[in-house]
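Below, each chain spelled out in residue letters.
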Amino acid sequence: MLDHTAAPMPAAPPSGQMTDDQVLARDLGRMVGDLWDRLAVITAEVGVVTGHVGARSGDCRSLQAAAEGMTASNAAIHTAAMSSADRARSAARQTQAAQQAMASASGRIGTLCRSVQEMETRLLHLERTLGQISEVSRAIGTIASQTRLLALNATIEAARAGEAGKGFAVVAGEVKALAQQTSDATAQINSTVTALTGLVSDLMTESAANLSNAEQADQATSSLSAVLAGLTEEFSGVEQAVTSIAGDSSRNLEECRAVSDAVTLLADGLGNDAAHLSKAAEQTTGVMDLAQQMITDIVARGIDVAETQVVQTMQRTAAAITTAIEEGLAGRRISLQDLFDDQYQPIPGSNPPQVTTRFTAFMDEVLPPIQETLLDSDPRMAFCAVVDRNGYLPTHNRKYSHPQGPDPVWNAAHCRNRRIFNDPVGLHSARNTAPFTLKTYRRDMGGGAFMMLKEVAVPLTLGGRHWGAFRMCYSV
(Lines give C-alpha, C1' and ligand atoms only; values in the text may rest on other atoms or scores of the structure.)
Protein backbone atom coordinates (compact mmCIF):
# COMPACT_ATOMS: atom_id res chain seq x y z
CA MET A 1 0.00 0.00 0.00
CA LEU A 2 1.21 3.50 -0.80
CA ASP A 3 1.94 5.49 2.34
CA HIS A 4 2.83 9.13 1.77
CA THR A 5 3.64 9.67 5.43
CA ALA A 6 7.23 9.36 6.52
CA ALA A 7 8.30 5.71 6.61
CA PRO A 8 11.76 4.57 7.74
CA MET A 9 14.01 2.96 5.16
CA PRO A 10 14.96 -0.61 6.09
CA ALA A 11 18.63 0.35 6.31
CA ALA A 12 18.08 3.56 8.25
CA PRO A 13 18.32 3.63 12.06
CA PRO A 14 15.23 4.54 14.13
CA SER A 15 14.43 8.25 14.13
CA GLY A 16 15.68 8.52 17.69
CA GLN A 17 19.11 7.30 16.59
CA MET A 18 19.38 9.49 13.43
CA THR A 19 22.19 11.96 13.30
CA ASP A 20 21.49 15.64 12.94
CA ASP A 21 22.60 15.51 9.29
CA GLN A 22 20.23 12.65 8.59
CA VAL A 23 17.36 14.47 10.27
CA LEU A 24 18.20 17.64 8.31
CA ALA A 25 18.41 15.69 5.06
CA ARG A 26 15.10 13.98 5.78
CA ASP A 27 13.39 17.26 6.67
CA LEU A 28 14.82 19.03 3.63
CA GLY A 29 13.76 16.11 1.45
CA ARG A 30 10.22 16.29 2.78
CA MET A 31 10.19 20.03 2.22
CA VAL A 32 11.38 19.52 -1.35
CA GLY A 33 8.67 16.87 -1.79
CA ASP A 34 6.05 19.27 -0.49
CA LEU A 35 7.44 21.99 -2.76
CA TRP A 36 7.20 19.57 -5.68
CA ASP A 37 3.56 18.85 -4.84
CA ARG A 38 2.70 22.53 -4.58
CA LEU A 39 4.56 23.38 -7.78
CA ALA A 40 2.71 20.59 -9.55
CA VAL A 41 -0.63 22.05 -8.46
CA ILE A 42 0.46 25.58 -9.38
CA THR A 43 1.76 24.40 -12.74
CA ALA A 44 -1.52 22.63 -13.42
CA GLU A 45 -3.57 25.68 -12.46
CA VAL A 46 -1.35 28.02 -14.49
CA GLY A 47 -1.70 25.62 -17.41
CA VAL A 48 -5.47 25.65 -17.07
CA VAL A 49 -5.60 29.45 -16.83
CA THR A 50 -3.17 29.79 -19.74
CA GLY A 51 -5.33 27.49 -21.81
CA HIS A 52 -8.49 29.38 -20.89
CA VAL A 53 -6.91 32.77 -21.56
CA GLY A 54 -5.52 31.48 -24.85
CA ALA A 55 -8.94 30.14 -25.77
CA ARG A 56 -10.61 33.40 -24.79
CA SER A 57 -7.97 35.29 -26.77
CA GLY A 58 -8.82 33.13 -29.75
CA ASP A 59 -12.52 33.75 -29.11
CA CYS A 60 -11.85 37.47 -28.99
CA ARG A 61 -9.95 37.29 -32.25
CA SER A 62 -12.89 35.45 -33.77
CA LEU A 63 -15.22 38.05 -32.24
CA GLN A 64 -12.98 40.77 -33.60
CA ALA A 65 -13.18 39.25 -37.07
CA ALA A 66 -16.95 38.94 -36.69
CA ALA A 67 -17.20 42.57 -35.52
CA GLU A 68 -15.10 43.72 -38.45
CA GLY A 69 -17.28 41.68 -40.77
CA MET A 70 -20.39 43.17 -39.15
CA THR A 71 -18.93 46.66 -39.54
CA ALA A 72 -18.17 45.98 -43.19
CA SER A 73 -21.68 44.61 -43.70
CA ASN A 74 -23.23 47.67 -42.04
CA ALA A 75 -21.05 49.91 -44.19
CA ALA A 76 -22.31 48.08 -47.26
CA ILE A 77 -25.89 48.40 -45.97
CA HIS A 78 -25.37 52.13 -45.37
CA THR A 79 -23.97 52.60 -48.87
CA ALA A 80 -26.79 50.56 -50.38
CA ALA A 81 -29.38 52.49 -48.35
CA MET A 82 -27.98 55.82 -49.52
CA SER A 83 -27.94 54.59 -53.11
CA SER A 84 -31.50 53.26 -52.73
CA ALA A 85 -32.63 56.60 -51.30
CA ASP A 86 -31.15 58.40 -54.31
CA ARG A 87 -32.83 55.95 -56.67
CA ALA A 88 -36.13 56.29 -54.81
CA ARG A 89 -35.95 60.08 -55.14
CA SER A 90 -35.10 59.78 -58.83
CA ALA A 91 -37.96 57.29 -59.35
CA ALA A 92 -40.33 59.59 -57.48
CA ARG A 93 -39.35 62.50 -59.76
CA GLN A 94 -39.75 60.33 -62.85
CA THR A 95 -43.16 59.03 -61.79
CA GLN A 96 -44.24 62.56 -60.95
CA ALA A 97 -43.12 63.74 -64.40
CA ALA A 98 -44.89 60.75 -65.96
CA GLN A 99 -48.01 61.59 -63.97
CA GLN A 100 -47.93 65.17 -65.24
CA ALA A 101 -47.37 63.99 -68.83
CA MET A 102 -50.20 61.49 -68.47
CA ALA A 103 -52.48 64.18 -67.07
CA SER A 104 -51.65 66.36 -70.08
CA ALA A 105 -52.29 63.44 -72.46
CA SER A 106 -55.55 62.71 -70.69
CA GLY A 107 -56.62 66.33 -71.23
CA ARG A 108 -55.75 66.16 -74.92
CA ILE A 109 -57.57 62.86 -75.30
CA GLY A 110 -60.60 64.46 -73.63
CA THR A 111 -60.43 67.32 -76.16
CA LEU A 112 -60.18 64.75 -78.95
CA CYS A 113 -63.24 62.94 -77.59
CA ARG A 114 -65.22 66.17 -77.67
CA SER A 115 -64.00 66.93 -81.19
CA VAL A 116 -65.02 63.45 -82.34
CA GLN A 117 -68.41 63.93 -80.72
CA GLU A 118 -68.83 67.32 -82.48
CA MET A 119 -67.76 65.76 -85.79
CA GLU A 120 -70.33 63.01 -85.30
CA THR A 121 -72.99 65.70 -84.75
CA ARG A 122 -71.94 67.53 -87.93
CA LEU A 123 -71.98 64.28 -89.88
CA LEU A 124 -75.50 63.59 -88.65
CA HIS A 125 -76.53 67.09 -89.79
CA LEU A 126 -74.81 66.52 -93.13
CA GLU A 127 -76.59 63.19 -93.49
CA ARG A 128 -79.95 64.86 -92.86
CA THR A 129 -79.08 67.65 -95.34
CA LEU A 130 -78.14 65.10 -97.99
CA GLY A 131 -81.45 63.39 -97.36
CA GLN A 132 -83.26 66.64 -97.92
CA ILE A 133 -81.26 67.26 -101.12
CA SER A 134 -82.18 63.78 -102.30
CA GLU A 135 -85.86 64.50 -101.65
CA VAL A 136 -85.71 67.83 -103.53
CA SER A 137 -83.88 66.12 -106.36
CA ARG A 138 -86.60 63.51 -106.59
CA ALA A 139 -89.26 66.26 -106.59
CA ILE A 140 -87.41 68.05 -109.40
CA GLY A 141 -87.13 64.79 -111.28
CA THR A 142 -90.88 64.32 -110.99
CA ILE A 143 -91.50 67.84 -112.27
CA ALA A 144 -89.07 67.23 -115.15
CA SER A 145 -90.95 64.07 -116.12
CA GLN A 146 -94.26 65.92 -116.06
CA THR A 147 -92.68 68.74 -118.06
CA ARG A 148 -91.44 66.30 -120.72
CA LEU A 149 -94.94 64.88 -120.93
CA LEU A 150 -96.43 68.38 -121.30
CA ALA A 151 -93.80 69.24 -123.95
CA LEU A 152 -94.70 66.05 -125.84
CA ASN A 153 -98.41 66.96 -125.78
CA ALA A 154 -97.55 70.52 -126.85
CA THR A 155 -95.50 69.22 -129.75
CA ILE A 156 -98.38 67.03 -130.89
CA GLU A 157 -100.84 69.89 -130.69
CA ALA A 158 -98.41 72.20 -132.54
CA ALA A 159 -98.17 69.66 -135.34
CA ARG A 160 -101.96 69.56 -135.64
CA ALA A 161 -102.06 73.33 -135.75
CA GLY A 162 -99.82 73.38 -138.75
CA GLU A 163 -98.18 76.62 -139.73
CA ALA A 164 -99.82 78.46 -136.87
CA GLY A 165 -98.38 76.13 -134.28
CA LYS A 166 -94.75 76.32 -135.44
CA GLY A 167 -93.78 78.89 -132.81
CA PHE A 168 -95.45 76.94 -130.15
CA ALA A 169 -93.61 73.79 -131.38
CA VAL A 170 -90.26 75.59 -130.95
CA VAL A 171 -91.16 76.51 -127.38
CA ALA A 172 -92.30 72.94 -126.70
CA GLY A 173 -88.95 71.62 -127.99
CA GLU A 174 -87.03 73.96 -125.71
CA VAL A 175 -89.14 72.95 -122.74
CA LYS A 176 -88.54 69.31 -123.61
CA ALA A 177 -84.79 69.93 -123.80
CA LEU A 178 -84.87 71.76 -120.45
CA ALA A 179 -86.82 68.90 -118.93
CA GLN A 180 -84.23 66.42 -120.22
CA GLN A 181 -81.38 68.52 -118.83
CA THR A 182 -83.19 68.81 -115.53
CA SER A 183 -83.72 65.06 -115.46
CA ASP A 184 -80.04 64.42 -116.22
CA ALA A 185 -78.99 66.93 -113.55
CA THR A 186 -81.23 65.35 -110.91
CA ALA A 187 -79.91 61.93 -111.83
CA GLN A 188 -76.35 63.21 -111.35
CA ILE A 189 -77.35 64.88 -108.09
CA ASN A 190 -78.95 61.65 -106.88
CA SER A 191 -75.83 59.72 -107.75
CA THR A 192 -73.62 62.24 -105.94
CA VAL A 193 -75.96 62.36 -102.95
CA THR A 194 -75.95 58.55 -102.78
CA ALA A 195 -72.13 58.47 -102.83
CA LEU A 196 -71.94 61.24 -100.24
CA THR A 197 -74.49 59.45 -98.09
CA GLY A 198 -72.42 56.26 -98.18
CA LEU A 199 -69.26 58.21 -97.36
CA VAL A 200 -70.99 60.01 -94.51
CA SER A 201 -72.29 56.68 -93.23
CA ASP A 202 -68.76 55.27 -93.31
CA LEU A 203 -67.45 58.38 -91.58
CA MET A 204 -70.11 58.09 -88.93
CA THR A 205 -69.21 54.42 -88.35
CA GLU A 206 -65.52 55.29 -88.07
CA SER A 207 -66.34 58.27 -85.93
CA ALA A 208 -68.34 56.08 -83.56
CA ALA A 209 -65.45 53.61 -83.35
CA ASN A 210 -62.97 56.45 -82.86
CA LEU A 211 -65.18 57.92 -80.19
CA SER A 212 -65.29 54.55 -78.40
CA ASN A 213 -61.52 54.18 -78.67
CA ALA A 214 -60.99 57.73 -77.51
CA GLU A 215 -63.29 57.19 -74.53
CA GLN A 216 -61.42 53.98 -73.64
CA ALA A 217 -58.09 55.78 -74.03
CA ASP A 218 -59.42 58.55 -71.82
CA GLN A 219 -60.46 56.04 -69.18
CA ALA A 220 -57.09 54.22 -69.43
CA THR A 221 -55.08 57.42 -69.18
CA SER A 222 -57.22 58.54 -66.24
CA SER A 223 -56.62 55.17 -64.50
CA LEU A 224 -52.92 55.26 -65.34
CA SER A 225 -52.70 58.80 -64.08
CA ALA A 226 -54.27 57.66 -60.80
CA VAL A 227 -51.82 54.73 -60.59
CA LEU A 228 -48.91 57.05 -61.24
CA ALA A 229 -50.20 59.35 -58.53
CA GLY A 230 -50.27 56.40 -56.14
CA LEU A 231 -46.78 55.36 -57.25
CA THR A 232 -45.53 58.87 -56.68
CA GLU A 233 -46.93 58.77 -53.15
CA GLU A 234 -45.51 55.28 -52.55
CA PHE A 235 -42.08 56.28 -53.84
CA SER A 236 -42.19 59.27 -51.57
CA GLY A 237 -42.87 56.93 -48.64
CA VAL A 238 -40.11 54.56 -49.80
CA GLU A 239 -37.72 57.45 -50.05
CA GLN A 240 -38.53 58.51 -46.49
CA ALA A 241 -38.20 54.91 -45.21
CA VAL A 242 -34.90 54.30 -47.01
CA THR A 243 -33.57 57.64 -45.83
CA SER A 244 -34.49 56.62 -42.28
CA ILE A 245 -32.75 53.27 -42.80
CA ALA A 246 -29.69 55.08 -44.09
CA GLY A 247 -29.66 57.26 -40.99
CA ASP A 248 -30.07 54.28 -38.66
CA SER A 249 -27.40 52.30 -40.51
CA SER A 250 -25.06 55.26 -40.21
CA ARG A 251 -25.51 55.32 -36.44
CA ASN A 252 -25.25 51.53 -36.31
CA LEU A 253 -22.06 51.70 -38.35
CA GLU A 254 -20.49 54.03 -35.82
CA GLU A 255 -21.53 51.74 -32.96
CA CYS A 256 -20.15 48.70 -34.80
CA ARG A 257 -16.85 50.50 -35.28
CA ALA A 258 -16.78 51.31 -31.58
CA VAL A 259 -17.50 47.66 -30.71
CA SER A 260 -14.83 46.47 -33.15
CA ASP A 261 -12.28 48.84 -31.61
CA ALA A 262 -13.19 47.67 -28.10
CA VAL A 263 -12.95 44.01 -29.07
CA THR A 264 -9.60 44.67 -30.73
CA LEU A 265 -8.28 46.23 -27.53
CA LEU A 266 -9.65 43.31 -25.51
CA ALA A 267 -8.13 40.75 -27.89
CA ASP A 268 -4.78 42.53 -27.81
CA GLY A 269 -4.90 42.63 -24.01
CA LEU A 270 -5.80 38.96 -23.75
CA GLY A 271 -3.08 38.11 -26.25
CA ASN A 272 -0.53 39.92 -24.11
CA ASP A 273 -1.90 38.23 -20.98
CA ALA A 274 -1.67 34.84 -22.68
CA ALA A 275 1.93 35.53 -23.67
CA HIS A 276 2.83 36.54 -20.09
CA LEU A 277 1.04 33.50 -18.70
CA SER A 278 2.87 31.24 -21.15
CA LYS A 279 6.18 32.65 -19.95
CA ALA A 280 5.07 32.25 -16.34
CA ALA A 281 4.03 28.67 -17.10
CA GLU A 282 7.42 27.98 -18.66
CA GLN A 283 9.17 29.36 -15.59
CA THR A 284 6.92 27.42 -13.25
CA THR A 285 7.51 24.25 -15.23
CA GLY A 286 11.25 24.86 -15.08
CA VAL A 287 11.12 25.27 -11.29
CA MET A 288 8.93 22.15 -11.00
CA ASP A 289 11.37 20.17 -13.15
CA LEU A 290 14.18 21.33 -10.87
CA ALA A 291 12.22 20.26 -7.77
CA GLN A 292 11.43 16.98 -9.52
CA GLN A 293 15.12 16.37 -10.18
CA MET A 294 15.92 17.24 -6.56
CA ILE A 295 13.33 14.80 -5.19
CA THR A 296 14.61 12.14 -7.60
CA ASP A 297 18.14 12.63 -6.26
CA ILE A 298 16.83 12.57 -2.67
CA VAL A 299 14.98 9.28 -3.23
CA ALA A 300 17.99 7.83 -5.06
CA ARG A 301 20.14 8.60 -1.99
CA GLY A 302 17.75 6.64 0.21
CA ILE A 303 16.56 9.60 2.26
CA ASP A 304 13.24 8.91 3.93
CA VAL A 305 10.64 11.05 2.11
CA ALA A 306 7.10 10.35 0.94
CA GLU A 307 8.17 9.16 -2.54
CA THR A 308 10.79 6.73 -1.19
CA GLN A 309 8.28 4.05 -0.22
CA VAL A 310 6.37 4.61 -3.48
CA VAL A 311 9.49 3.94 -5.51
CA GLN A 312 10.36 0.91 -3.40
CA THR A 313 6.83 -0.48 -3.81
CA MET A 314 7.03 0.03 -7.58
CA GLN A 315 10.41 -1.64 -7.76
CA ARG A 316 9.15 -4.66 -5.79
CA THR A 317 6.05 -4.89 -8.05
CA ALA A 318 8.21 -4.57 -11.19
CA ALA A 319 10.37 -7.41 -9.88
CA ALA A 320 7.26 -9.56 -9.36
CA ILE A 321 6.12 -8.79 -12.93
CA THR A 322 9.57 -9.66 -14.28
CA THR A 323 9.52 -12.96 -12.36
CA ALA A 324 6.05 -13.87 -13.69
CA ILE A 325 7.07 -13.16 -17.29
CA GLU A 326 10.40 -14.98 -16.93
CA GLU A 327 8.48 -17.99 -15.64
CA GLY A 328 6.33 -17.82 -18.77
CA LEU A 329 9.45 -17.78 -20.90
CA ALA A 330 10.91 -20.69 -18.98
CA GLY A 331 7.66 -22.65 -19.26
CA ARG A 332 7.51 -21.93 -23.02
CA ARG A 333 4.14 -20.21 -22.66
CA ILE A 334 5.66 -17.44 -24.76
CA SER A 335 8.86 -17.05 -26.74
CA LEU A 336 11.33 -14.22 -26.40
CA GLN A 337 10.72 -13.34 -30.06
CA ASP A 338 7.00 -13.04 -29.46
CA LEU A 339 7.64 -11.03 -26.31
CA PHE A 340 9.51 -8.38 -28.33
CA ASP A 341 6.99 -8.33 -31.23
CA ASP A 342 6.39 -4.77 -32.39
CA GLN A 343 4.22 -5.50 -35.46
CA TYR A 344 1.10 -3.89 -34.03
CA GLN A 345 -2.07 -5.20 -35.66
CA PRO A 346 -4.98 -2.72 -35.75
CA ILE A 347 -8.32 -3.80 -34.28
CA PRO A 348 -10.89 -3.02 -37.01
CA GLY A 349 -13.43 -0.36 -36.16
CA SER A 350 -11.76 0.75 -32.92
CA ASN A 351 -11.92 4.46 -32.08
CA PRO A 352 -9.54 5.57 -30.61
CA PRO A 353 -7.38 2.99 -32.45
CA GLN A 354 -6.49 -0.20 -30.58
CA VAL A 355 -3.87 -2.77 -31.65
CA THR A 356 -2.66 -6.23 -30.68
CA THR A 357 0.66 -8.08 -30.79
CA ARG A 358 1.76 -11.67 -30.28
CA PHE A 359 2.32 -11.02 -26.55
CA THR A 360 -1.05 -9.32 -25.85
CA ALA A 361 -2.91 -12.50 -24.83
CA PHE A 362 -0.04 -13.63 -22.60
CA MET A 363 0.01 -10.28 -20.79
CA ASP A 364 -3.77 -10.55 -20.27
CA GLU A 365 -3.10 -13.75 -18.29
CA VAL A 366 -0.06 -12.63 -16.29
CA LEU A 367 -0.54 -8.94 -15.43
CA PRO A 368 -4.07 -8.44 -13.96
CA PRO A 369 -3.50 -10.22 -10.60
CA ILE A 370 -0.36 -8.18 -9.93
CA GLN A 371 -1.62 -4.84 -11.26
CA GLU A 372 -5.06 -5.01 -9.65
CA THR A 373 -3.59 -5.88 -6.23
CA LEU A 374 -1.38 -2.80 -6.33
CA LEU A 375 -4.20 -0.59 -7.68
CA ASP A 376 -6.53 -1.65 -4.85
CA SER A 377 -3.92 -0.83 -2.21
CA ASP A 378 -4.43 2.95 -2.30
CA PRO A 379 -7.43 5.03 -3.46
CA ARG A 380 -5.14 7.83 -4.63
CA MET A 381 -3.68 5.62 -7.32
CA ALA A 382 -5.05 6.44 -10.80
CA PHE A 383 -3.58 3.47 -12.67
CA CYS A 384 -0.65 1.08 -12.86
CA ALA A 385 0.22 -0.71 -16.08
CA VAL A 386 2.99 -2.20 -18.18
CA VAL A 387 4.07 -0.61 -21.48
CA ASP A 388 6.62 -1.77 -24.02
CA ARG A 389 9.48 0.40 -25.29
CA ASN A 390 7.16 2.08 -27.86
CA GLY A 391 4.50 3.00 -25.31
CA TYR A 392 2.14 0.14 -26.22
CA LEU A 393 -0.08 -0.79 -23.27
CA PRO A 394 -1.48 -4.29 -23.84
CA THR A 395 -3.27 -4.92 -20.53
CA HIS A 396 -4.69 -2.04 -18.54
CA ASN A 397 -6.52 -2.04 -15.22
CA ARG A 398 -9.99 -3.53 -15.39
CA LYS A 399 -11.72 -0.17 -14.91
CA TYR A 400 -10.00 1.10 -18.06
CA SER A 401 -10.49 -2.08 -20.13
CA HIS A 402 -14.16 -1.95 -21.12
CA PRO A 403 -15.27 -2.98 -24.62
CA GLN A 404 -15.47 0.00 -26.93
CA GLY A 405 -18.83 1.53 -27.78
CA PRO A 406 -19.99 3.99 -30.46
CA ASP A 407 -18.85 7.11 -28.55
CA PRO A 408 -15.12 7.81 -29.08
CA VAL A 409 -15.05 10.27 -26.15
CA TRP A 410 -16.36 7.61 -23.78
CA ASN A 411 -13.95 5.10 -25.32
CA ALA A 412 -10.99 7.41 -24.72
CA ALA A 413 -11.77 7.47 -20.99
CA HIS A 414 -12.89 3.86 -20.39
CA CYS A 415 -11.15 1.75 -23.08
CA ARG A 416 -7.47 2.57 -22.64
CA ASN A 417 -6.08 -0.95 -23.09
CA ARG A 418 -4.58 -2.13 -26.40
CA ARG A 419 -3.48 1.45 -27.13
CA ILE A 420 -0.13 3.09 -27.90
CA PHE A 421 0.69 6.06 -25.63
CA ASN A 422 3.65 7.56 -27.45
CA ASP A 423 3.36 11.08 -26.07
CA PRO A 424 6.64 12.59 -24.79
CA VAL A 425 5.97 11.58 -21.15
CA GLY A 426 4.85 8.10 -22.17
CA LEU A 427 7.88 7.45 -24.38
CA HIS A 428 10.28 8.86 -21.77
CA SER A 429 8.92 6.45 -19.17
CA ALA A 430 8.85 3.52 -21.61
CA ARG A 431 12.44 3.97 -22.82
CA ASN A 432 14.14 5.10 -19.62
CA THR A 433 16.68 2.65 -18.19
CA ALA A 434 17.46 4.44 -14.91
CA PRO A 435 16.40 2.57 -11.72
CA PHE A 436 13.29 4.77 -11.62
CA THR A 437 11.88 8.07 -12.91
CA LEU A 438 9.55 10.58 -11.29
CA LYS A 439 7.31 12.80 -13.36
CA THR A 440 4.40 15.16 -12.84
CA TYR A 441 1.96 15.84 -15.68
CA ARG A 442 -1.65 16.59 -16.58
CA ARG A 443 -3.32 13.43 -17.82
CA ASP A 444 -6.15 13.63 -20.35
CA MET A 445 -8.94 11.52 -18.87
CA GLY A 446 -11.20 11.99 -21.93
CA GLY A 447 -14.29 14.11 -22.35
CA GLY A 448 -12.37 17.31 -21.57
CA ALA A 449 -11.40 16.10 -18.06
CA PHE A 450 -7.80 16.36 -16.85
CA MET A 451 -6.07 15.17 -13.71
CA MET A 452 -2.77 16.33 -12.24
CA LEU A 453 -0.77 13.19 -11.56
CA LYS A 454 2.60 12.06 -10.30
CA GLU A 455 4.14 9.16 -12.15
CA VAL A 456 6.70 6.60 -11.08
CA ALA A 457 8.16 4.38 -13.78
CA VAL A 458 10.50 1.45 -13.27
CA PRO A 459 12.22 -0.19 -16.27
CA LEU A 460 11.53 -3.84 -17.16
CA THR A 461 14.37 -6.02 -18.39
CA LEU A 462 13.29 -9.34 -19.89
CA GLY A 463 15.60 -11.99 -21.33
CA GLY A 464 18.54 -9.69 -20.68
CA ARG A 465 17.07 -6.92 -22.87
CA HIS A 466 15.28 -3.72 -21.98
CA TRP A 467 11.64 -4.39 -22.81
CA GLY A 468 9.71 -1.37 -21.49
CA ALA A 469 8.50 -0.07 -18.13
CA PHE A 470 6.03 -0.48 -15.33
CA ARG A 471 4.17 2.82 -14.91
CA MET A 472 2.08 4.00 -12.00
CA CYS A 473 0.32 7.33 -11.52
CA TYR A 474 -1.28 8.73 -8.40
CA SER A 475 -3.05 11.98 -7.70
CA VAL A 476 -1.16 14.98 -6.39
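What you see is a predicted model; the values in this text were computed from it and never measured.

(A) Seen up close, the pairing of strand β3 (residues 381–388). Most of β3 is tucked away: 8 of the 8 residues are buried. In the sheet, β3 pairs with strand β8 (residues 465–475) via 7 bridges, with the strands oriented antiparallel. Within the sheet, the bridge partner assigned to Met381 lies in β8 and is Tyr474.

(B) Inspection of the side chain of Asn432 at higher detail. With respect to the element layout, Asn432 can be found in the loop between α7 (424–431) and β6 (437–446). With residues near it in sequence (within four places) discarded, Asn432 still touches Thr437, Pro459 and His466.

(C) Main features of the nonpolar core. Among the nonpolar cores identified, the biggest contains 40 residues, and Ile321, Ile325, Leu339, Met363, Trp467 and Phe470 are the most heavily contacted of them. Within the residue set of this core, elements represented by two or more residues are α2 (166–300), α3 (306–330), α5 (360–375), β3, β7 (449–462) and β8. Per element, the largest residue contribution to this core is 8 residues, and it comes from α3. In contact with Ile325, other than residues within four places in its own chain, are Leu339, Phe362, Met363, Val366 and Leu462. Of all hydrophobic cores here, the second largest spans 12 residues; its members include Leu393, Leu453, Ala469 and Cys473.

(D) Structural detail: the side chain of Thr296. On the secondary structure map, Thr296 appears in helix α2. You can call Thr296 buried: its relative accessible area is 15%. Those residues in contact with Thr296, other than ones at most four positions away along the chain, are Phe436 and Leu438.

(E) Molecular detail of the pattern of salt bridges. The final tally for this structure, using the stated rule, is 9 salt bridges. Note that Arg358 and Asp341 form a salt bridge whose closest N and O atoms lie 3.5 Å from each other. Residue Arg358 is located in the loop between β2 (355–356) and α5, and its partner Asp341 is located in the loop between α4 (336–339) and β1 (345–346); the two are separated by 17 residues in the primary sequence. Residue Asp341 is classed as buried on the basis of its relative accessible area, which comes to 4%. Ionic pairing is found between Arg418 and Asp364, a salt bridge with its closest N-O pair at 2.7 Å. Taken together, the residues span a long stretch of sequence, with Arg418 in the loop between α6 (408–414) and β5 (419–420) and Asp364 in helix α5 at a distance of 54 residues. Owing to a relative accessible area of 18%, Arg418 belongs among the buried residues under this scheme. According to the relative accessible area criterion, Asp364 is partly exposed, its value standing at 29%. A single salt-bridge network, built from bridges that share partners, covers Asp338, Asp341 and Arg358.

Rules and cut-offs
Residues numbered from 1 in each chain as written. Predicted model: local features only at pLDDT ≥ 70, side-chain atom pairs only at ≥ 80, totals over all residues. Heavy atoms only, no water. Buried < 20%, exposed > 50% of the residue type's maximum accessible area, 1.4 Å probe, protein only. Helix = DSSP H or I, 4+ residues; strand = E, 2+ residues; numbered from the N terminus. Pairing = 2+ DSSP bridges. Contact = heavy atoms within 4.5 Å. Core = buried A, V, L, I, M, F, W, Y, C linked by side-chain atoms within 4.5 Å. Salt bridge = Lys/Arg side-chain N within 4 Å of Asp/Glu carboxyl O.

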